[in-house]
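Spelled out from the first residue to the last, the chains are:
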Amino acid sequence: MSSQLIDKFKQLDAYAKTLEDFRIKTTTGAAITVSGGLIMILLFLSELYTYMSPNISEELFVDTSRGHKLRINLDIIVPTISCNYLVLDAMDSSGEQHLQMEHNIHKRRLDLDGNPIEEPKKEEIATSTTVKQNISDVAVITCGSCYGAAFNESQCCNTCEDVKEAYRLRRWALPDMATIEQCKNDESIEKTNNALKEGCQIYGYMEVNRVGGSFHIAPGKSFTINHVHVHDVQPYSSSVFNTTHYINHLSFGTDIEGANTAPLDGVKGVAKEGAVMFQYYLKIVPTMYVKLDGTVLHSNQFSVTRHQKSVSNINAESGMPGAFFSYELSPLMVKYTEKERSIGHFATNICAIIGGVFTVAGILDAFLYHSLNAFQNKMVLGKAG
């Protein structure tokens with residue numbers, strides 16, 4: 001009775017075996033078997049890599065997290081303007097300067113070949129000084145000449161900076177620095193001479209309020225006259241400054257692999273015609289990334305629209321040379337969440353790989369075997385005829 005049950009059970013075998021005597025092993029069959037095995041291994045490793053990497057889901061919702069600061073990371077090289085003549089300014093969407101913000105900006109002097117000249121120095125973010133037309137009458141015992149730029153007889157210019165400020169108030173061009181007594185022992189002459197003989201790398205980070213704003217890197221000392229932000233490049237004219245620059249890195253917040261957090265990295269702005277104003281309009285999308293262990297990273301993705309124009313022979317109201325970055329924040333936030341992949345899905349894919357490759361290899365082997373046999377039979381018949 002048991003042997004009959006076993007015989008009936010054997011009828012369920014979907015993998016019936018043929019006798020060894022009826023099996024024919026061929027060279028093409030061996031080649032297809034080896035190739036199929038290699039393909040299985042490669043597909044298995046690919047599927048294993050996919051399984052080991054987390055599955056990332058994406059959500060989009062209204063951003064209500066306005067409390068934390070916006071961190072701006074930057075690394076920009078200006079190869080033909082010295083660090084002493086470059087200023088980094090930052091302001092918010094209302095046009096007001098970012099005051100008392102946290103920052104860690106450094107400047108590194110470079111030669112014209114891009115090699116560092118000295119160790120980087122920490123830079124204070126420029127905040128515009130408002131120029132007042134009324135100068136108080138302060139009498140001093142030693143009163144230096146302002147070389148014709150004084151507003152009254154009691155105004156004194158005891159330092160080189162005082163003379164420059166007096167000429168700036170008058171909006172006059174500075175005379176030859178060597179003819180000014182206060183500037184003869186001043187480092188400003190050397191700084192002026194090196195203005196176009198060196199390059200500069202500006203890098204670090206700033207933390208500003210989480211609102212739209214702008215920042216720019218431009219030559220000259222920045223200040224404000226009648227609520228207008230201007231840069232004084234004297235004794236040069238703005239047209240002599242080549243504002244070509246290289247953006248090594250620019251991001252807002254933590255960099256996230258796979259997200260569009262630094263699309264400007266490696267971008268070059270080349271000024272081909274005198275002084276050029278480069279404008280970058282950035283649309284920032286706040287991004288949250290939740291890792292498998294629950295760690296939350298706050299970052300920002302952004303898209304960029306670029307524009308440039310020559311300001312060499314145009315009045316100052318139309319722009320000034322430099323790299324200008326304006327950014328605004330989207331009201332929406334993107335949330336990426338890492339999730340573990342299903343072991344059942346992984347096992348299903350492995351079975352599909354093995355079965356699929358095995359079946360396709362069997363079909364290919366049968367086709368080649370019968371084709372070669374038919375060809376050989378025709379050859380034999382042709383010789384016999």
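Before going into details, it helps to say that this report is about the structure given with it. (Residues numbered from 1 in each chain as written. Predicted model: local features only at pLDDT ≥ 70, side-chain atom pairs only at ≥ 80, totals over all residues. Heavy atoms only, no water.)

The subject of this paragraph is the overall build of the chain. In terms of regular secondary structure, the chain is built from five helices and 16 strands. Of the contacts formed within the chain by residues at least 6 apart in sequence, a portion of 74% connects residues at least 24 apart. Accessible area for the chain stands at about 23500 Å²; split by element, carbon and sulfur atoms hold 56% of it. (Helix = DSSP H or I, 4+ residues; strand = E, 2+ residues; numbered from the N terminus. Contact = heavy atoms within 4.5 Å. Areas by Shrake-Rupley, 256 points an atom, 1.4 Å probe, with all protein chains shown as cover.)

What follows covers the nonpolar core. Of all hydrophobic cores here, the largest spans 36 residues; its most connected members are I72, F215, L250, L264, F325 and Y327. Elements with a minimum of two residues in this core: β2 (70–78), β3 (86–92), β7 (199–208), β8 (213–219), β11 (245–253), β13 (276–290) and β15 (322–329). Leaving out residues up to four positions away in the same chain, I72 has contacts with G204, Y205, M206, V208, F215, L250, S251, F252 and Y327. Grouped together as the second largest cluster of nonpolar side chains are nine residues, C146, C160, V163 and Y167 included. (Core = buried A, V, L, I, M, F, W, Y, C linked by side-chain atoms within 4.5 Å. Buried < 20%, exposed > 50% of the residue type's maximum accessible area, 1.4 Å probe, protein only.)

Moving on, we get to the pairing of β13. Of all 15 residues that make up β13, twelve are buried, and the element is covered over most of its length. Count of turn residues in the β13/strand β14 (residues 296–310) antiparallel hairpin: five residues, of which G294 carries a positive phi of about 95°. Where β13 lies against β15, eight bridges are found, and the strand directions are parallel. Bridge pairing links L282 to Y327 in β15. In terms of strand pairing, β13 meets strand β16 (residues 332–339) through four bridges, oriented parallel. (Pairing = 2+ DSSP bridges.)

Turning our attention to the state of the cysteines. Applying the stated rule across the entire model yields two disulfides. Two residues, C83 and C200, share a disulfide whose sulfurs are 2.1 Å apart. Judged by the sign of its S-S torsion, about 100°, the cystine formed by C83 and C200 is right-handed. Linking C83 in the loop between β2 and β3 with C200 in strand β7, this pair joins segments that are 117 residues apart in sequence. According to the relative accessible area criterion, C83 is buried, its value standing at 7%. (Disulfide = S-S within 2.5 Å.)

A side chain with one charge can pair with a side chain of the opposite charge if their charged atoms come near. Taken as a whole and judged by the stated rule, the model has three salt bridges. The closest approach of N and O atoms between E118 and R109, which form a salt bridge, is 3.3 Å. Owing to a relative accessible area of 28%, E118 belongs among the partly exposed residues under this scheme. The class for R109 is partly exposed, based on a relative accessible area of 23%. For E328, the salt bridge goes to K283, with nearest N and O atoms at 3.0 Å. With E328 in strand β15 and K283 in strand β13, this pair connects stretches of sequence that are 45 residues apart. The partly exposed category is assigned to E328, whose relative accessible area is 45%. (Salt bridge = Lys/Arg side-chain N within 4 Å of Asp/Glu carboxyl O.)

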